[in-house]
Amino acid sequence: MAAHRCNIFMLVFVLCGLTYVFVRADIEDTNHVKDAESVAVDIAPKANIGASLRSTKTEDQTQAAEEERQWEAETNPADAPSDNKADHVHDTMQNLDSRPAPYAKDQTQEAAEEERQWEATEVKEADRVPDTMQTPDVPPLTPAKDQFQEELVIRPLHSGDIYASFQFRTMWDTDFLRGSKVSHYRLFPKSLGQVISKFSVRELHISFTQGYWRTMQWGQPFLPSPPGAELWVWFQDTVTDVDGAWKELTNVLSGIFCASLNFIDSTNTVQPSASFKPLGLGNVTDQRFLRYAVLPREIVCTENLTPWKKLLPCGSKAGLAVLMKSEKLFHSSFHSQALHFRPVCQDWKCKSTVWELRQTLNVVFDLHTSGQGKREWSLFKMFSRTVTEACPLASSSKVYVDVTDNPQGELFELSPTTPLLSQAVVLGDRRTYSVYDLTNQATFGQTRSLNMLLRWRAAESGDMLRPLLHGERYVAGYGLQTGEIHTLMYNNHPYRAFPVLLLDTVPWYLRLYIHTLTVTSKGRDNKPSYIHYQPSKDRLRPHLLEMLVQLPPNSVTEVTMQFERALLKWTEYTPDPNHGFYVGSSVISALVPSVVAMDTNSTRECPLFSSFFPCKEESSYFMRVYTEPLLVNLPTPDFSMPYNVICLTCTVVAVGYGSLYNLLTRTFQVEEPSPGLAKRLANIIRRLRGVPLL
Amino acid sequence: MQAKAGQFFSSGHTNNWAVLVCTSRFWFNYRHVANTLSVYRSVKRLGIPDSHIVLMLADDMACNHRNPKPATVFSHKNMELNVYGDDVEVDYRGYEVTVENFLRVLTGRLPPSTPRSKRLLSDDHSNILIYLTGTSRWNGFLKFQDSEEISNVELADAFEQMWTKRRYNELLFIIDTCQGASMYERFYSPNLMALASSQVGEDSLSHQPDLAIGVHLMDRYTFYLLEFLEDIHPASTANMNDLFKVCPKSQCVSTPGHRTDLFLRDPGNVLITDFFGSVRKVEITMETINLTAPMVFSIEIIIKNYCNQ
């Protein structure tokens, strides 16, 4: 009995020991997972764009742009040592998003020449890498399957306005497509995940925009979007009925986002043949699985923002999302909220793919309507809130302020100052950002809240880099029968020509005459190298026109088309037909050669065989420009009550009363036919004689 | 105490729904949107969740370019109360607010791809509040977006369809429009109670303009209705007779009317929160319920232990 009791005692002691060991290992495990930053890499879609442009028979890509694969990678910060490095490490940016990597930067060489404004930054992550070495008996760690990052970029514009761009990214390593349903959601929103797995969606891009982006005054946006609502979806190649899935998907999304997306039907859906290639991974480019639709009339208001905010892991309770208050966000010149879902590479080695969900919100605040007129911006003035903490579920939470035009601090003053700086090449331009890391408690200072203040000193601002590609569109003509659509594309590059892909979707009630299509540049005819035109069918399909046009350098290219307006059936008019009918924006997609990012530094050590063509960095970047939507008046009958009442009444009076009056007052008389000539003569003679007539 | 408990269980409904419709378009009809949003706000405050509210707004006033304060809709002048708020979900908006969609929502005959937030998923234990506001120039109809009308006969037939399909337990119908009483004249289904802001031959008037916004903000009847509802809280015992007294002729200029002959219970026994609020009824049981072993085995033991304390 004693031995029996002793054995039990030993067993209990061993169990306790093991429990202690495992608990300790677990704690260290979570510490390591919190510290290590998994790096996400987005593979450039330029490879796909290059392929599509190549397939559409263009020969004008420069050799450098085509031959290099142009994969971008952010190098793993754990690999880069945190000590001083002699050469700069630049982040190359993915074309579509301008999220600069939080990066170690050492500018001790430059500091010698300039005044002391920049400070060396340490790579925080590298300090924590040795932690993994301390516990060798812990089993290898699996990185977190999902992660969330948030950032805000603030960019002062040359017109005095300020541009704020929020990006929230959730990456999740799961398989939406396998037979068994995904049931455990953590950071990824469940409502969206269920939609994606039900309709076998590979890529989903939806945006709601209020206002029009003024490219010539504000420069290029990070993520362009057309006014109204735009939705384009790539389905998986396992979908058999793409149209049915598209219809149901639009209805489900209209319920999720409280928008009238159920108005998307076959009359405004198109299947582009060359534009809108997938932005994520995958080599399926069968355009049968792509659908694109735009609703230019769609309004964006708080009821769309509320469900959009609910998709974020922290909601609007913590992190950068607390700044998003509708009363300030909609009191702006431009407001756009979007959602992008696509598969991306997990890291730069690209051994596995993960699903990425990006929610972006771009807003431009106007200097004059925000009151005071004095050129001074702060987080409180823009959003009527300040940031108090980062989202606890975020692995990185940063605020970037664009200080490229302010290297010495002579243009504006930024407070509170921050030692972190970052450089990035975005949209062909090398920009410098001051970085505030919200996961670091020291950023919030004594007041426990972060309210950045930018106060301008000088009255005038520097020159803005002229946007290289710009588009405009308008309707010409007079009357309500015919008209002409003019699309202008500006190429502001001083010496390089490049091709652009123009996509036009025109509703069926504007009957285009494609034989009148003309493309002229600099006064001369410019024949497009690729045209895809799908004519419309009344009440079934809109017009689809896609063209690959070569834009000569420093020129304006004008595309004109004549059209005729159709007369709709009286039930097809909207309740306010005199407002007009909208035609969606044209989309101009291009790989624009960059002026600034070309590496012309010939002093760098580089073998001769690799330094002939401009290389090393982005020499071209992908850009999409949306033109204005058109507002066209159709011949409209007068629906007003007085007009219809008068018409009806007069008809009733004329037809009804007229026939009634005739019925009541008409009398019938028998009339004899007139007699022949002989009888008339005989009657004359008889009258003379006084005898009764014949 | 017994009487109160008895009253608590006597209405027979287990869930609440609300269908709030604003039928007019254009900026000068700002007040109709403000009317609907103020009822929406009261109903949400008293407990009905967004999933049980079908809100239909025919035009967008909050983000309209004429609105000097975007993303707001005010009900009181000097911009005291923003009824639009920060957490609003509009289910049908803009061109979707049509007579056909309204009747389909009521009768439940919607296309299969309609999302849940756009459906009225009521059953025979639901109390439904229906609020309509808009313009109607003559008696017997209500105009939708200035281009079509719904007549009182259509509405009565829709309610009869709802009754035969057992889609409601009790229904409260409120309408704020000119000659509103004509809209409930033709009802013939049981368990309907109706209120209107004006009698046949009378016009419902708007309350007060705001000089900064430039339009009239609310209609009189709904303004005083909102004031009355602001005093109601989820545990309030105010009943329908108090609601009938809202906005007498001295305040409203028109005479509000009501109709209770089709309603089975006495209006004095009907609580306001039976329709405007969502009071969840919870039944507590003391017996253990055997689900499937072994997962729930331990829970059974816990419940037994708790009950034995």
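None of these values were measured; they are calculated from a predicted model. (Residues numbered from 1 in each chain as written. Chains lettered and ligands numbered in written order. Predicted model: local features only at pLDDT ≥ 70, side-chain atom pairs only at ≥ 80, totals over all residues. Heavy atoms only, no water.)

Another aspect to go through is the overall build of chain A. The secondary structure content of chain A amounts to 14 helices and 26 strands. Relative to its 694 residues, chain A shows a buried fraction of 50%. Contacts in chain A between residues at least 24 apart in sequence constitute 76% of all its contacts with a sequence separation of at least 6. Accessible area for chain A stands at about 34200 Å²; split by element, carbon and sulfur atoms hold 56% of it. (Helix = DSSP H or I, 4+ residues; strand = E, 2+ residues; numbered from the N terminus. Buried < 20%, exposed > 50% of the residue type's maximum accessible area, 1.4 Å probe, protein only. Contact = heavy atoms within 4.5 Å. Areas by Shrake-Rupley, 256 points an atom, 1.4 Å probe, with all protein chains shown as cover.)

Our next topic: the nonpolar core. Residues F235 of chain A together with L37, L172, L243 and F276 of chain B are the most contacted members of the largest nonpolar core, which totals 152 residues. When residues no more than four places from it in sequence are discounted, the contact partners of L37 of chain B are L55, L57, V73, V83, Y84 and V88 of chain B. (Core = buried A, V, L, I, M, F, W, Y, C linked by side-chain atoms within 4.5 Å.)

This part covers the state of the cysteines. Under the criterion given, the structure shown has 4 disulfides over all chains. Between the sulfur of C314 of chain A and that of C391 of chain A lies a disulfide, 1.8 Å long from S to S. Judged by the sign of its S-S torsion, about 75 degrees, the cystine formed by C314 of chain A and C391 of chain A is right-handed. In this pair, C314 of chain A is assigned in the loop between α10 (302-310) and α11 (326-329) and C391 of chain A in the loop between α12 (379-383) and β10 (396-402), connecting sequence segments 77 residues apart. One exposure class covers both C314 of chain A and C391 of chain A, and it is buried. Across a sulfur-sulfur distance of 1.7 Å, C247 of chain B and C252 of chain B are joined as a disulfide pair. As the torsion about the S-S bond is roughly 100 degrees, the C247 of chain B-C252 of chain B disulfide counts as right-handed. When its relative accessible area of 2% is taken as the criterion, C247 of chain B is described as buried. Assessed through its relative accessible area of 1%, C252 of chain B is described here as buried. Its sulfur unpaired, C650 of chain A is 7.2 Å from the next cysteine sulfur, which belongs to C647 of chain A. (Disulfide = S-S within 2.5 Å.)

For the rest of this paragraph, the subject is the confidence of the model for chain B. For chain B, mean pLDDT is 87; residues scoring 70 or higher make up 90% of the total. In the model output, the complex is listed with pTM 0.77 alongside ipTM 0.86. (pLDDT = per-residue confidence, 0-100.)

Right, let's talk about the packing of aromatic side chains for a bit. Residue and element names in this part refer to chain A. With the rule as written, the count across this model stands at 32 aromatic pairs over all chains. Between the aromatic rings of F166 and F168, the centroid separation amounts to 6.2 Å while the plane-to-plane angle is 10 degrees, which identifies the pairing as stacked. The same class applies to F166 and to F168, which are both buried. Aromatic side chains F341 and W355 sit 5.2 Å apart centroid to centroid with 5 degrees between the ring planes, which places their arrangement in the stacked category. Of this pair, F341 sits in strand β7 (residues 334-345) while W355 sits in strand β8 (residues 353-365), and the two are 14 residues apart along the sequence. In this structure an aromatic cluster arises from ring pairing among F148, F166, F168, W308, F365 and F383. Over the ring of F222 we find R155; its NZ or CZ atom is 5.2 Å from the centre of that ring. (Phe/Tyr/Trp six-rings, centres within 6.5 Å; stacked < 30°, edge-to-face > 60°. Lys NZ or Arg CZ within 6 Å of the ring centre and 35° of its normal.)

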